[in-house]
Amino acid sequence: MRLAEVEGKALLRRHGMAVPESLLLAPGEDVPERAAGWPGFVLKAQILEGGRGKAGLVRVFKHAAEIRDARRLVLANLEDADTPLLLEEAMPIAREIFVAVRLDGSRQRLEILIAPQGGENVEQLAKLVRIPIETTAPTTPDTIYAAIAKQFPPDLAARLARYAARLPDIARAEDLELLEINPLALTADGRLIACDAKVVRDDSAGFRHDPEEFPISRALAERALTPLERSARDLGFQLVETSGDIVLVTSGAGLAMMMMDLLADHGFRAASFMDNLRGAPDETMTERLKIARELAARRNIKAIVFQTVIASRSLAERIDALIAWISAEPLPKPLFVGIAAGHAATRSMSTDEAIAKLRALGVSAFTDPLALVKALVQAVGTGQPVRPTR
């Protein structure tokens, strides 16, 4: 769950981290009286995507009377005129710094990232210092200071080390996958102020937190769903539509990402990402196939890839359900099926029997995902029928 900036900063504030004074504006509202004395203003659209500055969704102005022009320019770049607008006190920034704590998925631990400059594209342009956070030892400013001493003056490095050392504790307490402060402003009077915050909470940890918390972020996420994504959620699974050309039907994020990588390696892009929802029904294959048919009807889609991995559930039942879906009405695009089944799943039907049943219907079926993707390349590239091979 990604938080809107206004709620990400509220999270920082409750952990004692300094952020600028700010308020949400009502539609058409001028600068409120309590903000009239600010030395300058920043107007920011509250959306869940990055790159707001480049998109014209952030406006800086000096005088309160300029609020109407700033609002007009921001709203002109928004599809939804009801998008919340955050008015913030402009900070006298002497230096911008990048600091973040994130979950390193490959090593399954937190790491701190620090760069001597902030701003857009800092991850690509700046020299990032990466500091792994060991689960068996506390995060101390001394460790951080040693890693960043060459990038900052000694006094600033010491203050920044103390600041960054607090972030892993916040991430753990809030179940965050990412807490990125960019920029962390060093002000002209020597303060460290979080001028922007990208905060992502682990969805699977939601049961540990107030379900009514972060209403703005939840409303923005809901409004950002496509009709099919909303339908999928109501049917019991998660769908993310992407700008690809292959409808990908899977169960589980790991399998989906593996197939997306295989497709990308061969010049394709998945048009869908499917994952399980916490507390959802055990079996949602029929519902996933229903959504897949709708996606596949689009002109840009070239094929459907159905990849299933079964440990103990009945392979026979899954194949029978797949065949019923295939037979219900003509498919709008060619179908390629991948099957991996454990011993317990094949009590009533072997993998070979499942492959044979599908091939009898003219469906290309495989036990090797790479062979599936290669057959897809040949079929889409040549337009000729493919003789299925394992």
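The preceding data block contains the structure.
Criteria and cut-off values
- Residues numbered from 1 in each chain as written.
- Predicted model: local features only at pLDDT ≥ 70, side-chain atom pairs only at ≥ 80, totals over all residues.
- Heavy atoms only, no water.
- Helix = DSSP H or I, 4+ residues; strand = E, 2+ residues; numbered from the N terminus.
- Contact = heavy atoms within 4.5 Å.
- Lys, Arg positive; Asp, Glu negative; His and termini not counted.
- Charge placed at Lys NZ, Arg CZ, Asp CG, Glu CD.
- Buried < 20%, exposed > 50% of the residue type's maximum accessible area, 1.4 Å probe, protein only.
- Pairing = 2+ DSSP bridges.
- Axes fitted to C-alpha atoms, helices over the stretch in contact; angles between N-to-C directions.
- Salt bridge = Lys/Arg side-chain N within 4 Å of Asp/Glu carboxyl O.

1. Some points on the overall build of the protein chain
Per the secondary structure count, the protein chain includes 13 helices and 17 strands. In terms of principal-axis extent, the alpha carbons of the protein chain reach across some 75 × 50 × 40 Å. Expressed as a percentage of contacts within the protein chain between residues at least 6 apart in sequence, the contacts between residues at least 24 apart total 66%. Measuring between centres, the 49 positive side-chain charges of the protein chain sit 4 Å from its 52 negative side-chain charges.

2. Quick look at the side chain of D104
Tracing the chain through its elements places D104 in strand β6 (residues 93-104). Its relative accessible area of 5% is what places D104 among the buried residues. With near-sequence residues (within four places) excluded, D104 lies in contact with R109 and E111.

3. A few points about the sheet that holds strand β15 (residues 303-310)
Pairing is parallel across the open sheet formed by four strands, whose spatial order is β13-β15-β16-β17. With partners counted over all chains shown, the strands left at the sheet margins are β13 (246-249) and β17 (364-366), one partner each. Pairs of neighbouring strands in the sheet enclose a mean axial angle of 15°, with direction left out of account. Pairing of β15 with strand β16 (residues 335-341) involves seven bridges; the strand directions are parallel. Each bridged residue has a counterpart across the sheet, and for F306 the counterpart in β16 is V337.

4. Examining the pattern of salt bridges
Evaluation of the coordinates by the stated rule reveals 26 salt bridges. Among the salt bridges present, the one from R52 reaches D196, with a minimum N-O distance of 3.2 Å. Separated by 144 residues along the polypeptide, R52 in the loop between β3 (41-45) and β4 (58-61) and D196 in the loop between β10 (192-194) and β11 (197-201) bring together distant segments of the chain. When its relative accessible area of 10% is taken as the criterion, R52 is described as buried. Linked through salt bridges whose partners overlap, the residues forming this network are E5, K9, K44, R52, E88 and D196.

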